[in-house]
Amino acid sequence: MKARIKFRKNGVMKFIGHLDIMRYFQKAIRRAEIPIAFTSGYSPHMIMSFANPLGVGLTSDGEYFDIELTESIASKEAVRRLNEQMVDGMEIVSFVQIPDDKKSKGMSIVAGADYLSSVKNGSLPEDLAEKLEAFYAQNEICVVKKTKKSEKEVDIRPMIYKLECRDGKIYMRVAAGSVQNLKPELVTEAFVRYLGMDAEEVTFFTHHRLETFAESEDTEGKMILVPLDALGTEIV
């Protein structure tokens, strides 16, 4: 039996890297007495996998990881037990059962993510909504994407699904996952360049992930993006 856990990560916890987050949840699951399964062999470890781990410095309301259970546990009880072990800045949102097949793994089905970006220092134009609309209307938005081995110019426009102004902040829905993955920093950097502003005038964007999505079919057979926990069912 497999379960998907959704959690929030805010406050000082944004400075904790992915490996430490994994260790943190391993301890929390033990203390909460969640019946998690372990691998076999000489060095058994908890069967768990994270979907599209968040980068250091970002906060989120939509983080996920999957675990395998040895026995059933009610969703509400699991959420309660886990939240009793959480520190400030961490909160369990949901605990749902997911299909056992490999195709349902969170890390393999992630297809998009929502972000809300704001400027920590400096300011954006008063006509932000109009500027964003014009920026998004471009046929191409080319940026230099850096890898460990090289740099290459990439058109990120096809990877931006939505872009608009929300209460003076930049809301975006972008591609995410193993096939295509667009970091929100690249979008805001490209927008600042489009405005013709010096990077030092608008610096230190903060990025908050609102949700993580997978592709699913609606009632008419059309592919849509849905939150990862929407693909599971509550355990009673």
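Procedures and definitions
Residues numbered from 1 in each chain as written. Predicted model: local features only at pLDDT ≥ 70, side-chain atom pairs only at ≥ 80, totals over all residues. Heavy atoms only, no water. Helix = DSSP H or I, 4+ residues; strand = E, 2+ residues; numbered from the N terminus. Rg over C-alpha atoms; globule rule 2.2 N^0.38 Å. Buried < 20%, exposed > 50% of the residue type's maximum accessible area, 1.4 Å probe, protein only. Contact = heavy atoms within 4.5 Å. Areas by Shrake-Rupley, 256 points an atom, 1.4 Å probe, with all protein chains shown as cover. Lys, Arg positive; Asp, Glu negative; His and termini not counted. Charge placed at Lys NZ, Arg CZ, Asp CG, Glu CD. Core = buried A, V, L, I, M, F, W, Y, C linked by side-chain atoms within 4.5 Å. Phe/Tyr/Trp six-rings, centres within 6.5 Å; stacked < 30°, edge-to-face > 60°. Pairing = 2+ DSSP bridges. Salt bridge = Lys/Arg side-chain N within 4 Å of Asp/Glu carboxyl O. Expected span 1.5 Å × (residues − 1). Arc of directions from axis to C-beta. Axes fitted to C-alpha atoms, helices over the stretch in contact; angles between N-to-C directions. Parallel < 35°, antiparallel > 145°, perpendicular 65-115°, else oblique. Nonpolar A, V, L, I, M, F, W, Y, C, P; charged D, E, K, R; others polar.

1. Here's the deal with the overall build of the chain
At step 1: Scanning the chain from terminus to terminus reveals 5 helices and 12 strands.
At step 2: Its C-alpha atoms give the chain a radius of gyration of 19 Å, within 12% of the compact-globule value 18 Å for 236 residues.
At step 3: Each of the three principal axes of the chain carries a C-alpha extent, and together these read 55 × 45 × 40 Å.
At step 4: Per-residue burial for the chain yields a buried fraction of 44% across its 236 residues.
At step 5: Excluding contacts between residues fewer than 6 apart, the proportion of contacts in the chain whose partners are at least 24 apart in sequence is 70%.
At step 6: About 13,200 Å² of surface is accessible on the chain, with carbon and sulfur atoms providing 49% of the total.
At step 7: Of the side chains in the chain, 32 bear a positive and 36 a negative charge, and the two mean positions are spaced by 6 Å.

2. As for the nonpolar core
At step 1: With 36 residues, the main nonpolar core has Ile156, Ile160, Leu163, Ile170, Leu182, Val187 and Phe191 as its most contacted residues.
At step 2: When residues of this core are traced back to their parent elements, those giving at least two are strand 5 (110-122), helix 4 (128-136), strand 8 (160-166), strand 9 (169-175), helix 5 (184-195) and strand 10 (202-217).
At step 3: A per-element tally of this core places helix 5 first, with 6 residues.
At step 4: If near-sequence neighbours (up to four positions away) are discounted, valine 187 is found in contact with Phe135, Ile156, Ile160, Leu163, Met172, Val174 and Leu182.

3. Focus: the packing of aromatic side chains
At step 1: This structure, assessed with the given rule, holds 9 aromatic pairs.
At step 2: With a centroid separation of 4.7 Å and 50° between ring planes, the pair formed by phenylalanine 25 and phenylalanine 65 is classed as tilted. Here phenylalanine 65 lies in strand 3 (residues 59-68) and phenylalanine 25 lies in helix 1 (residues 18-31), a separation of 40 residues in the sequence. For the pair formed by phenylalanine 25 and phenylalanine 65, the shared burial category is buried.

4. Quick look at the pairing of strand 1 (residues 2-9)
At step 1: With respect to burial, strand 1 is a largely interior element, 7 of its 8 residues being buried.
At step 2: Examined bridge by bridge, strand 1 and strand 4 (residues 90-98) share 8 bridges and lie antiparallel to one another. Within the sheet, the bridge partner assigned to lysine 2 lies in strand 4 and is isoleucine 98.
At step 3: Sheet analysis places strand 1 next to strand 3, joined by 7 bridges and oriented antiparallel. Pairing of lysine 2 across the sheet is with glutamate 68, part of strand 3.

5. Topic: the side chain of arginine 157
At step 1: Along the chain, the position of arginine 157 falls in the loop between strand 7 (151-155) and strand 8.
At step 2: In this structure, arginine 157 is buried with no salt-bridge partner, the nearest side chain bearing the opposite charge being aspartate 155 at 7.1 Å.
At step 3: Setting aside chain neighbours within four positions, we find arginine 157 in contact with Tyr136, Gln138, Asn139, Glu140 and Ile141.

6. Considerations on helix 1
At step 1: In a regular helix each residue adds 1.5 Å, so 14 residues correspond to 20 Å; helix 1 covers 20 Å between its end C-alpha atoms and thus fits that length.
At step 2: Residues of helix 1 that are buried include every one of Ile21, Tyr24, Phe25, Ala28 and Ile29, and no others. One face of helix 1 carries all of its buried residues, which in axial projection span an arc of 130°. Exposed side chains of helix 1 directed beyond 90 degrees from the buried face belong to Leu19, Lys27 and Arg30.
At step 3: Contact partners of the buried residues in helix 1: strand 1, strand 2 (48-51), strand 3, helix 2 (75-83) and strand 4.
At step 4: Taken from the residues just after helix 1, glutamate 33 is the one with a positive phi, measuring 55°.

7. Description of the packing of helix 4 against helix 5
The axes of two packed helices give the description: the angle between them and the distance between them.
At step 1: At a minimum axis separation of 11 Å, helix 4 and helix 5 run at an interaxial angle of 105°. The angle between helix 4 and helix 5 places the two elements in the roughly perpendicular class. Judged by residue contacts, Leu128, Lys131, Leu132, Ala134 and Phe135 of helix 4 engage Val187, Ala190, Phe191, Tyr194 and Leu195 from helix 5.
At step 2: When grouped by side-chain class, the residues that make up the contact of helix 4 with helix 5 number 9 nonpolar, no polar and 1 charged.

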